[in-house]
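Structural characterization, general
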There are 2 protein chains.
Amino acid sequence: MTALAAGLDVGGTKALCVVVDATGAVLAEGEAPSPRDGSPSALEALGGLVAGVLANAGADTAGVTLGVGLAGMVADGRLVVSPHLPHLVGVDVEGTLARALGARVRGVNDADAALAAEWAWGSARGARDVAMVTLGTGIGGSFVLDGRPVAGRHGFAGEIGHMVVVPGGEPCVCGGRGCWERYVSGEALTRYARAALDEGRLDLGDLAGGPPTALGPALIASARAGAPGAAAVLDEFAHWLAVGLANLVVALDLERVVLGGGLGAEADLYVGTVLEDLGARLEGAEARGPLALGPAAYGARAGAVGAARLGGRP
Amino acid sequence: MTALAAGLDVGGTKALCVVVDATGAVLAEGEAPSPRDGSPSALEALGGLVAGVLANAGADTAGVTLGVGLAGMVADGRLVVSPHLPHLVGVDVEGTLARALGARVRGVNDADAALAAEWAWGSARGARDVAMVTLGTGIGGSFVLDGRPVAGRHGFAGEIGHMVVVPGGEPCVCGGRGCWERYVSGEALTRYARAALDEGRLDLGDLAGGPPTALGPALIASARAGAPGAAAVLDEFAHWLAVGLANLVVALDLERVVLGGGLGAEADLYVGTVLEDLGARLEGAEARGPLALGPAAYGARAGAVGAARLGGRP
């Protein structure tokens, strides 16, 4: 029998659970809304999601390992700082889920998890110097350098969304200003689309209606349909993505960057523009050779799959 | 008898040579102007400097190891990209000096060398997650993360002077714009001092005369004498230093940053301002604890001492 492991990726809006085997194959998956608070009942609802997905994979909950990917700074398995999941900061997600499921549970950073999946089984397989950059509500990051995952002093390495790219720029949920994620995230894309609509540079037709959160997906759909105004808005997004990626490449001499999260899965729409911009921008570009840049092989499931992988680790 | 090693740090204006023993003690040192071109005779003059310093230390040149620290991107012992030493790009410094001296010679990045010295014997001793940031003509960088020096894909990791902090900002010698070193370097300090003089915010008295390159040292002397206008100019420098350091700390979760180069040796003048600025700026500052920030124990000699250390390594 193959050893199975469960992974849970708790994002700002939804939680995704997968069960994987020892080769990284996804045997079952399911999703539910993210907990709205840190109460035991909200966490037990997550436990119910995990139990259901395990049952669908034909696995017992008792004795299984569960990794939980959390967006923010994680120490000793708990969120200690999290602009995007503030209600889970300090909450004992590990203990609550362990008791609810009878499983061994480990909390990890969501981007560390996504990189673990891609490094073991996906787009970063065999890479020596690689960054995971997750593009969603915010930006998450994780590095493998010289063939080893990087933890840092407290395990917080990779909080790249809060590198400042515009000193004194847009206010950020972290309390700072001009953070990279203010310019490269779902919210930023919505902002660029809104400005283009208002200035008449973009026509989304019927797609322009609905709530503000629908604007990003509408823009993506419009770009896939070949609308030139939409492509120009994505170029703006790509430009800001290139600014931060260039900083990571010069600082860390990366060979590869894997784009995760919901917007990472759309990378084919903008990755060409990013690479052009990078080529013009990088110190010593000619000596570095091309950067391998593309989406996660697991797409938006990378965090959950990697959480499953890390959950079983000592 | 103690094993001795020679180190040579080739900077933009001068070359410093040291001979160290196995405990990192400097037994002899000397300096000379940097080579103005990459000709064999210019390099042989460097060889003469090394031979003289070795003789002063009572050591033979034959069979000694010599490390040569070079400012720029170094691959296989040679500079491949160097905005500050363009005439040495592609030049076989190793081979020429090896033949001239009968020594084993190894070319390394100057900031990697400085960190090697500080990590073994100086301010970074025992640190697990530490960056060297050399502040001189430009900014050099090098990292130890999770207890291991970081090389990156080609050994170019640490080119942090060319992280962009102001997109579209000041033109840089690398061909880009808005690079960190345009805002935190000797040239930047001179620019800030010049603007303050022109706007009447600074009075350097007799010190204001002389060539533009004398303005930075005059400002430092004036700040040491307690002139308030000079302190304000250093605050501007400190602010920009904090911008880039914050980016490194969030990305890499550093515990310590060692400031090298000529301006690093003046760190006591501005490090308090940098730490205040960092505390207000860092995502999750309260969970990170204080950053240890201070000058290299070897001061401006760290690069030469570390080159000696790395020169003897396989």
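In this report, the structure presented in the accompanying data block is examined. (Residues numbered from 1 in each chain as written. Chains lettered and ligands numbered in written order. Predicted model: local features only at pLDDT ≥ 70, side-chain atom pairs only at ≥ 80, totals over all residues. Heavy atoms only, no water.)

Interface extent is often summarised as the accessible area lost during association of the parts. Across the contact, 44 residues belong to chain B and 45 residues belong to chain A. Contact between chain B and chain A buries roughly 3700 Å² in total, counting both sides, with carbon and sulfur atoms accounting for 55%. Ranking the residues of chain B by area buried against chain A places R153, D253 and E283 of chain B at the top, with a combined share of 19%. Summed over the shared surface of chain B and chain A, the result is zero salt bridges. Of all elements in the fold, only β6 (78-81), β9 (139-145), β10 (148-149), α6 (228-252) and α9 (285-288) of chain B reach the threshold of two or more residues within the side of chain B that touches chain A. No other element matches α6 of chain B, which puts six residues into the side of chain B that touches chain A. Looking at the side of chain B that touches chain A residue by residue, the classes come out as 25 nonpolar, eight polar and 11 charged. (Contact = heavy atoms within 4.5 Å. Buried area = accessible area lost by both parts, 1.4 Å probe. Salt bridge = Lys/Arg side-chain N within 4 Å of Asp/Glu carboxyl O. Helix = DSSP H or I, 4+ residues; strand = E, 2+ residues; numbered from the N terminus. Nonpolar A, V, L, I, M, F, W, Y, C, P; charged D, E, K, R; others polar.)

Formed by 110 residues in total, the largest nonpolar core has its most connected members in W180 of chain A together with W180 of chain B. Setting aside residues up to four positions removed in sequence, W180 of chain B forms contacts with V133, I139, I160, G161, M163, V165, W240, L241, G244, L245 and L248 of chain B. (Core = buried A, V, L, I, M, F, W, Y, C linked by side-chain atoms within 4.5 Å. Buried < 20%, exposed > 50% of the residue type's maximum accessible area, 1.4 Å probe, protein only.)

All names here are of chain A. Judged by pairing direction, the sheet is mixed, and its five strands sit side by side in the order β3-β2-β1-β4-β7 without closing on themselves. With one partner strand each, in any of the chains shown, β3 (26-33) and β7 (104-109) form the two edges of the open sheet. Direction aside, the axes of adjacent strands within the sheet are offset by 20 degrees on average. In terms of strand pairing, strand β2 (residues 14-20) meets β3 through seven bridges, oriented antiparallel. The residue bridging L16 from the neighbouring strand is E31, located in β3. Across the sheet, helix α1 (residues 40-56) is in contact with β1 (5-10), β2, β3 and β4 (65-70); its angle to β2 comes to roughly 30 degrees. Running over the sheet, helix α2 (residues 93-101) touches β1, β4 and β7 and is turned about 150 degrees from β7. (Pairing = 2+ DSSP bridges. Axes fitted to C-alpha atoms, helices over the stretch in contact; angles between N-to-C directions.)

On to the relation of the copies chain B and chain A. Each copy of the sequence occupies a distinct position, and chain B is placed on chain A by a rotation of 180 degrees and an axial shift of 0.0 Å, giving an RMSD of 0.0 Å. Taken together, the turn and the small shift mark the pair as related by a two-fold rotation axis. A share of 100% of interface residues in chain B that are also interface residues in chain A marks the association as one of identical surfaces. (Least-squares fit on C-alpha atoms with pLDDT ≥ 70 in both.)

All names here are of chain B. Residues of helix α2 (residues 93-101) that are buried: V93, G95, T96, L97 and L101. Buried residues along α2 sit in contact with β1 (5-10), α1 (40-56), β4 (65-70) and β7 (104-109). Phi for G102, located one or two positions after α2, is positive at around 70 degrees.

So, on to the state of the cysteines. Residue and element names in this part refer to chain A. The final tally for this structure, using the stated rule, is zero disulfides over all chains. The thiol of C172 is not disulfide-bonded; the next cysteine sulfur, from C179, is found 3.8 Å away. Residue C172 is classed as buried on the basis of its relative accessible area of 9%. C174 takes part in no disulfide bond, and the closest cysteine sulfur to it belongs to C179, at a distance of 3.7 Å. (Disulfide = S-S within 2.5 Å.)

The next subject is the sheet that holds strand β11 (residues 256-260) of chain A. Within a sheet, neighbouring strands are paired by backbone hydrogen bonds and run either parallel or antiparallel to one another. All names here are of chain A. Pairing in this open sheet of five strands is mixed, and the strands run β10-β9-β8-β11-β12 from one edge to the other. The open sheet terminates on both sides in strands that have one partner only, identified here as β10 (148-149) and β12 (292-295). Examined bridge by bridge, β11 and β12 share four bridges and lie parallel to one another. Each bridged residue has a counterpart across the sheet, and for L259 the counterpart in β12 is P295. Together, β8 (130-135), β9 (139-145), β11 and β12 form the strand contacts of helix α6 (residues 228-252), whose direction differs from that of β8 by roughly 155 degrees.

On to the pattern of salt bridges, then. Residue and element names in this part refer to chain B. Tallied over the entire structure, the rule returns 31 salt bridges over all chains. Linking E170 and R191 is a salt bridge whose minimum nitrogen-to-oxygen distance equals 4.0 Å. Of the two residues, E170 is situated in the loop between β10 and α4 (186-198) and R191 in helix α4; the sequence distance between them amounts to 21 residues. Judged by its relative accessible area of 24%, R191 falls in the partly exposed class. Taken together, the shared-partner salt bridges connect E170, E181, R182, E187 and R191 into one network.

Moving on to the packing of helix α5 (residues 215-224) of chain B against α6 of chain B. Residues and elements named next belong to chain B. The N-to-C vectors of α5 and α6 enclose an angle of 120 degrees; their axes lie 8 Å apart at closest approach. Considered as vectors, α5 and α6 are oriented oblique to each other. The handedness of the crossing between α5 and α6 is left-handed. Contact with α5, carried on its side by L219, I220, S222 and A223, involves A230, V233 and L234 of α6 and no other residues of that element. Across the contact of α5 with α6, the residue classes break down as six nonpolar, one polar and no charged. (Parallel < 35°, antiparallel > 145°, perpendicular 65-115°, else oblique. Left-handed = near helix turned anticlockwise from the far one by under 90°.)

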